[in-house]
Amino acid sequence: MELDALDRALLRELQNDARQTNRDLAAKTGVSPSTSLERVRVLRERGVITGYHAALDLDAAGRPVQALISVRIRPPARPVIEGFREWAARLPEVIGLFVTSGAHDFLIHIAVPDVDGVYAFVIDRLTERREVADVQTTMIYEHVQSRCIEPTNPDRPRSARRTR
């Protein structure tokens, strides 16, 4: 799907405020409300827009301490990797999970109430698992996240840009 300037403007505005009315969205992008509504519908149908969510402030949610935890799994077999991924993704402390290459198989982003929560996550959750061979923890001082992602090459096959 080729994205034109209007599609990009709609995506930018929706990423800034997904709760705005269609009338406001249309006004900000310089089109009629019916054009805005139809274009957004097509972007959803084609999988460019995958959903809408509320962004939480981790401090206000009682989870101000963040860490990145690198995990190496053994044996490195598909069922073991997939099983660990499914288990870890369901843990309430986990706010992001990456399956990676290199020295470690996973990078897990957690948010917890305090440093003791990081320790408990590593010791009580991760090291209990038989397949966990190594764990390295990095504390996060500050997390800056881009809220607006500009599409670059939407014509690539879906499998080449798949995220979990």
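Residues numbered from 1 in each chain as written. Predicted model: local features only at pLDDT ≥ 70, side-chain atom pairs only at ≥ 80, totals over all residues. Heavy atoms only, no water.

1. Points about unusual backbone geometry
The peptide bond linking Arg 74 to Pro 75 adopts the cis configuration, its omega dihedral lying at -5°. The topology assignment puts Pro 75 in the loop between β1 (65–73) and α4 (78–89). (Helix = DSSP H or I, 4+ residues; strand = E, 2+ residues; numbered from the N terminus.)

2. Considering the sheet that holds β1
The four strands lie next to each other as β2-β3-β1-β4, forming an open sheet whose pairing is antiparallel. Here the strands that pair on one side only, and so sit at the sheet edges, are β2 (94–99) and β4 (132–140). Averaged over all adjacent pairs, the angle separating strand axes in this sheet is 20°, with direction ignored. Judged from the seven bridges that link them, β1 and strand β3 (residues 106–112) form a sheet pairing that is antiparallel. (Pairing = 2+ DSSP bridges. Axes fitted to C-alpha atoms, helices over the stretch in contact; angles between N-to-C directions.)

3. Topic: the pairing of β3
Where a strand is regular, its side chains alternate between the two sheet faces. The element β3 is largely enclosed, with a buried count of six among its seven residues. Where β2 lies against β3, five bridges are found, and the strand directions are antiparallel. Bridged to Leu 97 within β3 is Ile 108. What sits between the antiparallel neighbours β2 and β3 is a turn of six residues, in which Gly 102 has the positive phi angle 105°. (Buried < 20%, exposed > 50% of the residue type's maximum accessible area, 1.4 Å probe, protein only.)

4. Considerations on the packing of helix α1 (residues 5–16) against helix α3 (residues 33–45)
For the pair α1 and α3, interaxial distance at closest approach is 10 Å and the crossing angle is 85°. Put simply, α1 runs roughly perpendicular to α3. Side by side, α1 and α3 meet where Leu 6, Asp 7, Leu 10, Leu 11 and Leu 14 of the first sit next to Thr 35, Ser 36, Arg 39, Val 40 and Leu 43 of the second. Per-class residue counts for the contact of α1 with α3 are six nonpolar, two polar and two charged. (Parallel < 35°, antiparallel > 145°, perpendicular 65-115°, else oblique. Contact = heavy atoms within 4.5 Å. Nonpolar A, V, L, I, M, F, W, Y, C, P; charged D, E, K, R; others polar.)

5. Description of the environment of Leu 6
Tracing the chain through its elements places Leu 6 in helix α1. Placed 24 residues apart in sequence, Leu 6 and Gly 30 show a C-alpha to C-alpha distance of 8.8 Å. For Leu 6, the contacting residues outside a window of four places in its chain are Thr 29, Val 31, Thr 35 and Arg 39.

6. Looking at the packing of aromatic side chains
As enumerated under the stated definition, the model contains two aromatic pairs in all. Aromatic side chains Phe 84 and Trp 87 sit 5.5 Å apart centroid to centroid with 45° between the ring planes, which places their arrangement in the tilted category. Here the residue Phe 84 and the residue Trp 87 both occupy positions in helix α4, the gap between them amounting to three residues, near one helical turn. Residue Phe 84 is classed as buried on the basis of its relative accessible area of 0%. For Trp 87, a relative accessible area of 17% corresponds to the buried category. (Phe/Tyr/Trp six-rings, centres within 6.5 Å; stacked < 30°, edge-to-face > 60°.)

7. Structural notes on the environment of Glu 45
The residue Glu 45 is located in helix α3 in this model. With 20 residues separating them in the primary sequence, Glu 45 and Leu 25 have C-alpha atoms 19 Å apart. Here Arg 41 takes part through its side chain, which lies 2.4 Å from a polar atom of the side chain of Glu 45. (Polar contact = N/O pair within 3.5 Å; in protein donor to acceptor, adjacent residues only side chain to side chain.)

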